[in-house]
Amino acid sequence: MSSGGRVRENMERQGMEGNNLLHFLDTPSAHYRRTCDGFEAQQGGDDHSETSDTDPANAREMLEYLLNQPANKYCADCGNPDPKWAALPFGAFICIKCSGTHRSLGVHISKVISVNLDEWTDEEVNCLAESGGNSVVNTRYEAFLPENKKPKHDCSTEERNDFIRKKYQFQQFVCDPQFSCPLPLNRKHAPPDKNHQQHNSSKYGFGHTFRNSWRKKDSSDNKGLKKMSDVGMIEFVGLIKVNIVKGTDLAVRDVMSSDPYVMINLGHQSMKTKVIKNTLNPIWNERLMLSIPDPIPPLKLQVFDKDTFSSDDRMGEAEVDIRPLIAATKEHENSTITEPTELYRWSASEDSNGVLAKDSVISVANGKVKQEITLKLQNVERGKVKIEIECVPLSQ
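To keep things clear, this report deals only with the structure shown in the data block. Here the structure is a predicted model, which means the values were calculated and not measured.

**A word on unusual backbone geometry**
Note: most residues except glycine have negative phi, and most peptide bonds are trans.
For step 1, the next point in the chain: The residue after L88, namely P89, is reached through a cis peptide bond having omega 5 degrees.
For step 2, the next point in the chain: Among the secondary structure elements, P89 is positioned in the loop between β1 (85-88) and β2 (92-94).
For step 3, the next point in the chain: One non-glycine residue, D82, adopts positive backbone phi at about 60 degrees.
For step 4, the next point in the chain: Assignment of secondary structure puts D82 in the loop between α3 (56-67) and β1.

Next comes the structure, spelled out in structure tokens:
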């Protein structure tokens, strides 16, 4: 056996978790790709050309196969067992707590996908296979990690977020420049949003019934909270799935129509939908997922008209208080409700803020607590947007 073969065999036996430079003889991602190709061959897939398509069933089987690899059974960042999230393009399997920090980095750095809650495309599964598993990630991004500096699963929020930022955003532990990093190094923090107002939710704990939890007013609300310049100080209490359904009678921003898209913000996080060309009644049906920070801020929604040669035009905005939905979700965890049930209804006629275009309902269906909302866009001449939101607590 050649020296290179012995090195590869030794690395495979050790799970490729070492921080030495011997992996340059055969890159971890190449080994990982060959392992995945072997799996496809076992499933009867003889054609591995770039033009071949993998059907959804095989994509799901590939995902489960990757998840069951020994190194992937523990979070790549904190070692928490049974991770159910993946960070692309790095190819890391991570736990739900670390997924919150990855989301706060922005999708331009780390795109977080749930193994169970999201529908995976063939391209995403292939990206995960080609980028590597947790052993590959840690070989690359922890090559020069100082001893005893890797956080444990029960570490503080500050320690977890500081480590993940250094590891992926600043790439402080990368060992050699000949690694092709998926993202350029950027050592500048984005400045905090000076107009951002956090809402104190200390009185809205999960332990209270949801009808009372969101109505109580804390005297400190009027004083405002100290703005956080470092997202590492934020702890996440769950996830929120936002389905941007459609827009109705939106404002004209081009000659006769508009090219609208929706941007949503929750704390330091933001995501946007695709652009729908030349329509005032777009149908997006696009689901976006964000982590819920504590204290819990409002969900902000903005609609823009996409312009090619100038800045995008504003087409209205709205805010949604998500605390009632979060409290209702937590209460439902401890209930025995199995039938579709309406938990609460907000009347549009009694909405003092004038945001609701029609009654909004929090209901239980198929074991999930959801809220349907049709929003009147503010600071614009006209327009409505329909959304559906669902909360996923960390306990799930």
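**Section: a positive patch on the surface**
For step 1, the next point in the chain: Together, K246, K358, K376 and K384 make up a region of like positive charge exposed at the surface.
For step 2, the next point in the chain: By the secondary structure assignment, K384 is in strand β13 (residues 384-393).

**A short note on the sheet that holds β2**
For step 1, the next point in the chain: The antiparallel open sheet is built from three strands, whose spatial order is β2-β1-β3. Strands with a single pairing partner mark the edges of an open sheet, and in this sheet they are β2 and β3 (111-114). Between one strand axis and the next, the sheet turns through 30 degrees on average, direction left out of account.

**So, the nonpolar core**
For step 1, the next point in the chain: Counting 41 residues, the largest nonpolar core has I244, L301, I322 and I389 as the members making the most contacts within it.
For step 2, the next point in the chain: The residues touching I244, leaving out its near neighbours within four places in the chain, are V262, I264, T273, W284, N285, E286, L288, L301, V385, K386 and I387.
For step 3, the next point in the chain: In this structure, A76, A92, I94 and V392 belong to the second largest nonpolar core, which totals 23 residues.

**Thoughts on the pairing of strand β8 (residues 299-305)**
For step 1, the next point in the chain: The element β8 is extensively covered by neighbouring structure, given that six of its seven residues are classed as buried.
For step 2, the next point in the chain: Judged from the six bridges that link them, strand β5 (residues 260-266) and β8 form a sheet pairing that is antiparallel. Bridge assignment links N265 to a residue of β8, and that residue is K300.
For step 3, the next point in the chain: Across six bridges, β8 lies against strand β9 (residues 313-320) in antiparallel orientation. Residue pairing across strands places L299 opposite V320, the latter belonging to β9.

Procedures and definitions
Residues numbered from 1 in each chain as written. Predicted model: local features only at pLDDT ≥ 70, side-chain atom pairs only at ≥ 80, totals over all residues. Heavy atoms only, no water. Helix = DSSP H or I, 4+ residues; strand = E, 2+ residues; numbered from the N terminus. Patch = residues over 30% accessible without salt bridge, like charges linked within 9 Å, V, L, I, M, F, W, Y side chains within 5 Å. Areas by Shrake-Rupley, 256 points an atom, 1.4 Å probe, with all protein chains shown as cover. Salt bridge = Lys/Arg side-chain N within 4 Å of Asp/Glu carboxyl O. Lys, Arg positive; Asp, Glu negative; His and termini not counted. Charge placed at Lys NZ, Arg CZ, Asp CG, Glu CD. Pairing = 2+ DSSP bridges. Axes fitted to C-alpha atoms, helices over the stretch in contact; angles between N-to-C directions. Core = buried A, V, L, I, M, F, W, Y, C linked by side-chain atoms within 4.5 Å. Buried < 20%, exposed > 50% of the residue type's maximum accessible area, 1.4 Å probe, protein only. Contact = heavy atoms within 4.5 Å.

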